[in-house]
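# Structural characterization, general
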Amino acid sequence: MSASQTSDVPTLLVKIFGKDRPGITAGLFDTLAAYSVDVVDIEQVVTRGRIVLCALVTEPPRGLEGDLRATVHSWAESMKMQAEIISGKGDNRPRGLGRSLVTVLGHPLTSEATAAIAARITRAGGNIDRIFRLAKYPVTAVEFAVSGVETEPLRTTLVTDAAALGVDVAVVAAGLHRRAQRLVVMDVDSTLIQDEVIELFAGHAGCEDQVAEVTAAAMRGELDFEQSLHARVALLKGLDASVVDKVRSEVRLTPGARTLIRTLKRLGYQVGVVSGGFTQVTDDLKERLGLDFAQANTLEIVDGKLTGRVSGEIVDRAGKARLLRRFAAEAGVPLSQTVAIGDGANDLDMLNAAGLGVAFNAKPVVREAAHTAVNVPFLDTVLYLLGVTREEVEAADTLDQQLAEGI
């Protein structure tokens, strides 16, 4: 029957709660089956071994409701559980237009922050339909299904106050597109890896202080990215090319980077990196991590020495956004289905161009401009923003291990 046809049909809400054990769901519906009722809706939640099972069913044939109530209560008592049965009409009220998924990450997730998020959703005109835990470590991640308010104003309301509440919040539109194939593109320095590659090269050239001075000038706005890039690379002139292998060995992946990429690839996502650093490192990362795309600046090497110049097109702030669009076109993925992750002002155009821009341990100006921010040192927490649970990650890891061992 349609919603209009069921709106006036008498229904019973049967609620069972108590200690969880095998057979509760089957037992309840076996009990109800004797009364020829139809199932309209079911919700079940288990938290720390306690179950709440709600079944919305049609009213039984005339004269049998009292017997049904007595039988359900008797069955619940035999299971050492409690039962509550409420009469009413029709199904749940229709969800409001505008449906979003709000992911909240906390380390820890406090009751004060949770209360504040819920209150802000309500003030924005939204209704919380469901809450589901995605992960309990390395952060606590929960997902709110919200209806009744459009995604963009809800995102503005929640993300603005997230930092003050000590949580990270992502708001995306609900729908089938969330499960569609996506493209994820990351910055490299201080995002995919913990290091700044130019500083690793500078360490071998003995010019760390000079590179730091140029970087500081760029941050003060005295130099743009291209000027600072040329100035810093010029300090590497004469460095032996053998240092490239040393720098590659010194690169440290951000905690959770391998898990993030491995899980995304299992899900059928395509993954790429864009960097203001150097192809001498990003090409190696592409091969090691099985990335689909990689683009960066290239250190010019002549006769086994760094010339102090870069060759080819410069990858700067605008270039990163341009490469995101190019990768999306090559991957056959709409720009709305892309995710960009970065930490610096150089990533802002890319973060804003993507369907979801994630500021990862970024400076305040970047956090404020991005769609959402992650402020914990674990890159795989981005998976929770995509609706992937920790249990799914671990199950996939276990399956891979079993396949590798031939089990």
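Structure: above.
This one's a predicted model, so the numbers in the text were calculated from it and none came from an experiment.

How each quantity is defined
- Residues numbered from 1 in each chain as written.
- Predicted model: local features only at pLDDT ≥ 70, side-chain atom pairs only at ≥ 80, totals over all residues.
- Heavy atoms only, no water.
- Helix = DSSP H or I, 4+ residues; strand = E, 2+ residues; numbered from the N terminus.
- Rg over C-alpha atoms; globule rule 2.2 N^0.38 Å.
- Buried < 20%, exposed > 50% of the residue type's maximum accessible area, 1.4 Å probe, protein only.
- Contact = heavy atoms within 4.5 Å.
- Lys, Arg positive; Asp, Glu negative; His and termini not counted.
- Charge placed at Lys NZ, Arg CZ, Asp CG, Glu CD.
- Pairing = 2+ DSSP bridges.
- Axes fitted to C-alpha atoms, helices over the stretch in contact; angles between N-to-C directions.
- Core = buried A, V, L, I, M, F, W, Y, C linked by side-chain atoms within 4.5 Å.
- Salt bridge = Lys/Arg side-chain N within 4 Å of Asp/Glu carboxyl O.
- Arc of directions from axis to C-beta.
- Phe/Tyr/Trp six-rings, centres within 6.5 Å; stacked < 30°, edge-to-face > 60°.
- Lys NZ or Arg CZ within 6 Å of the ring centre and 35° of its normal.

The next thing to look at is the overall build of the protein. Secondary structure assignment for the protein yields 16 helices and 15 strands. Over its C-alpha atoms the protein spans a radius of gyration of 27 Å, topping by over 25% the 22 Å that the globule rule assigns to 407 residues. Within the protein, the fraction of its 407 residues that count as buried is 46%. Partitioning the contacts of the protein with sequence separation of at least 6, the portion at a separation of at least 24 is 67%. The averaged location of the 53 negative side-chain charges in the protein is 4 Å from the averaged location of its 43 positive side-chain charges.

In this section: helix α6 (residues 197-205). For an α-helix, the turn length of 3.6 residues means that residues three or four places apart are oriented alike. Where α6 is concerned, the buried positions are Val-197, Ile-198, Leu-200, Phe-201 and Ala-202. Within two residues after α6, Gly-206 carries a phi angle of roughly 70°, on the positive side.

Take the sheet that holds strand β13 (residues 338-342) next. Backbone-to-backbone hydrogen bonds join strands into a sheet, with any given pair of strands oriented parallel or antiparallel. Pairing in this open sheet of seven strands is mixed, and the strands run β12-β11-β10-β9-β13-β14-β15 from one edge to the other. Two strands lie at the open edges of the sheet, namely β12 (305-311) and β15 (372-374), each paired on one side alone. Here the average twist between neighbouring strands, direction ignored, is 25°. As paired strands, strand β11 (residues 293-302) and β12 are joined by four bridges and run antiparallel to one another. Its bridge partner lying in β12, Leu-299 is registered against Val-310. Across the face of the sheet, helix α8 (residues 225-234) comes into contact with β10 (270-278), β11 and β12 while running at roughly 170° to β12.

So, about the nonpolar core. Grouped together as the largest cluster of nonpolar side chains are 62 residues, with contacts concentrated most on Met-186, Leu-192, Phe-201, Phe-278, Ile-341 and Leu-379. Considering every element that reaches this core, the biggest residue donor is α6, with five residues. Contact partners of Met-186, with chain neighbours within four places excluded, come to Leu-192, Leu-260, Ile-261, Val-271, Gly-272, Val-273, Val-274, Ile-341 and Leu-379. Ranked by size, the runner-up nonpolar core spans 22 residues in total, among them Val-185, Val-315, Ala-328 and Leu-351.

Turning our attention to the side chain of Thr-338. Its place among the elements puts Thr-338 in strand β13. Apart from the residues within four sequence positions on either side, Thr-338 is in contact with Leu-183, Leu-324, Ala-328, Val-333, Ala-354, Gly-355 and Leu-356.

Turning our eyes to something else, we now look at the pattern of salt bridges. This structure, assessed with the given rule, holds 17 salt bridges. Residues Asp-245 and Arg-248 are paired through a salt bridge, measuring 3.6 Å at the closest nitrogen-oxygen approach. Taken together, the residues span about one helical turn, with Asp-245 and Arg-248 both in helix α9 (residues 243-250) at a distance of three residues. A residue is classified by how much of its surface remains accessible, and Asp-245, at 52% relative accessible area, is exposed. For Arg-248, a relative accessible area of 27% gives the class partly exposed. With a shortest N-O distance of 2.9 Å, Asp-349 and Arg-317 are connected by a salt bridge. Residue Asp-349 is found in helix α13 (residues 348-353), and its partner Arg-317 is found in helix α12 (residues 317-331); the two are separated by 32 residues along the sequence. What emerges from the salt-bridge pattern is a single network uniting Asp-187, Lys-320 and Asp-347.

Among the residues of α9, Val-243, Val-244 and Val-247 are the ones counted as buried. For α9, the angular spread of buried residues about the axis comes to 105°, placing them on one side. The outward face of α9, more than 90 degrees from its buried face, is lined by the exposed residues Asp-245 and Ser-249. Considering only its buried residues, α9 is in contact with α6, α11 (279-289) and β11.

Aromatic ring pairs are defined here through the distance separating the ring centres and the angle between the ring planes. All told, the structure shown has two aromatic pairs when counted by the stated rule. Where Phe-201 meets Phe-278, the ring centres are 5.9 Å apart and the plane angle is 90°; that geometry is what we call edge-to-face. With Phe-201 in helix α6 and Phe-278 in strand β10, the pair connects residues that are 77 residues apart, well separated along the chain. Overall, the relative accessible area of 0% leaves Phe-201 in the buried class. A relative accessible area of 2% means that Phe-278 is categorised as buried. Look at Phe-293 and Phe-327: their rings are 4.7 Å apart centre to centre, the planes differ by 15°, and that puts the pair in the stacked class. In this pair, Phe-293 is assigned in strand β11 and Phe-327 in helix α12, connecting sequence segments 34 residues apart. Relative accessible area serves as the criterion here: at 9%, Phe-293 is assigned to the buried category. Exposure remark for Phe-327: the relative accessible area of 1% places this residue in the buried category. Above the ring of Phe-17, the side-chain terminus of Lys-15 is found at 5.3 Å from the ring centroid.

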